[in-house]
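# Results of the structural survey
One letter stands for each residue in the lines below.
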Amino acid sequence: MYDIENQSPSVDEFVQLREKIGWGTTNMAMAQASLEHSLFHVTVCHDSQLIGMGRVIGDGFMYFYIQDVVIDPSYQGQGIGRIIMDNIENYLAKAAKKGATIGLLAAQGKEGFYQKHGYVERTGAPLGNGMCKFI
């Protein structure tokens, strides 16, 4: 039914999928470099079309960051996010050693999805609130 691969999507597929979910346009050169420097990728295709993806970025030792877990809106609610996260979690189980930190930024309303995979909200106590800066 779905083709699941541990490879990067093409830059065109990546940019188009991000646009489909409302994340706006992305600079193609920046997107290409970002994909090339990722630690791990998982893609889900249906009829040779990218319908979902996720990746892990970071230094590969102390810090891992789950990024771009994205599912085409017309395929959401069909378990594709779980497939992507299961692949990411399998990678992290091997790559992240004791003492490593795994982080992510959940889209608003998606926190419960990540909680099912063992992630907790950083509410401020005891570590402080998570923060980000968009350029």
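Further up the page is the structure itself.
So, here's what we can say about the structure. (Residues numbered from 1 in each chain as written. Predicted model: local features only at pLDDT ≥ 70, side-chain atom pairs only at ≥ 80, totals over all residues. Heavy atoms only, no water.)

### A look at the side chain of Thr-43
Filter applied, for reference: What counts as a helix is a DSSP run of H or I of at least four residues, what counts as a strand is a run of E of at least two, and both are numbered from the N terminus. Type-normalised accessible area, obtained with a 1.4 Å probe on protein chains alone, sets the label of each residue: buried when under 20%, exposed when over 50%, and partly exposed for intermediate values. The contact criterion used throughout is that any non-hydrogen atoms of two residues lie within 4.5 Å.
On the secondary structure map, Thr-43 appears in strand 2 (residues 40-46). Its relative accessible area of 3% is what places Thr-43 among the buried residues. Among all residues touching Thr-43, those that are not within four sequence positions of it are Asp-3, Ile-4, Glu-5, Gln-7, Ser-8, Pro-9, Leu-50, Gly-52 and Met-53.

### A short note on unusual backbone geometry
Cis peptide bonds are those with omega within 30 degrees of zero, and the linkage from Ala-125 to Pro-126 qualifies with 0°. Summarising the element assignment, Pro-126 is placed in the loop between strand 6 (123-124) and strand 7 (128-129). Although it is not a glycine, Asp-47 sits at a positive phi angle of roughly 50°. Relative to the assigned elements, Asp-47 resides in the loop between strand 2 and strand 3 (49-58).

### Things to note about the nonpolar core
Test applied: The set of buried Ala, Val, Leu, Ile, Met, Phe, Trp, Tyr and Cys residues whose side-chain atoms join them within 4.5 Å is what this entry labels a nonpolar core.
Core analysis: the largest hydrophobic core is formed by 21 residues, its most contacted members being Val-69, Ile-80, Ile-84, Ile-88 and Leu-92. Among the elements that make up this core, the one with the highest residue count is helix 3 (residues 80-95) (seven residues). Residue contacts for Ile-88: discarding those within four places in its chain leaves Phe-40, Val-42, Gly-54, Arg-55, Val-56, Ile-66 and Val-69. Counting residues in each nonpolar core, the second largest holds 10 residues, with Val-11, Val-15, Leu-17 and Val-70 among its members.

### Some details on a nonpolar patch on the surface
Basically, it comes down to this: Residues enter patches when their relative accessible area tops 30% and they take part in no salt bridge; the joining distance is 9 Å for like charges and 5 Å for the nonpolar side chains Val, Leu, Ile, Met, Phe, Trp and Tyr. Methods summary: accessible areas were calculated by the Shrake-Rupley approach with a probe of 1.4 Å, and residue burial reflects only the protein chains presented. Basic side-chain nitrogens of Lys or Arg form a salt bridge, by our definition, when they fall within 4 Å of a carboxyl oxygen of Asp or Glu.
Side chains of Phe-61, Met-62 and Tyr-63 sit close together on the surface and give an oily, nonpolar patch of about 380 Å² of accessible area. With respect to the secondary-structure elements, Tyr-63 resides in strand 4 (residues 63-71).

### Structural notes on the environment of Gly-22
Inspection of the secondary structure assignment puts Gly-22 in the loop between helix 1 (11-20) and helix 2 (28-36). When the C-alpha positions of Gly-22 and Pro-73 are compared, they lie 9.9 Å apart, and in sequence the two are 51 residues distant.

### Let's talk about the packing of aromatic side chains
Here is the rule we go by: Stacked, tilted and edge-to-face pairs are distinguished by plane angle, under 30 degrees for stacked and over 60 for edge-to-face with tilted covering the rest, among Phe, Tyr and Trp rings (Trp via its six-membered ring) whose centres lie within 6.5 Å.
In this structure the tally under the stated criterion is two aromatic pairs. Their ring planes at 10° and their centres at 4.6 Å tell us that Phe-40 and Tyr-91 sit as a pair that is stacked. Pair noted here: Phe-40 is in strand 2 and Tyr-91 is in helix 3, with a separation of 51 residues, a long-range link. Ring geometry for Phe-113 and Tyr-114: centres 4.9 Å apart, planes at 80°, overall edge-to-face. Residue classification places Tyr-114 among the buried positions, given a relative accessible area of 9%.

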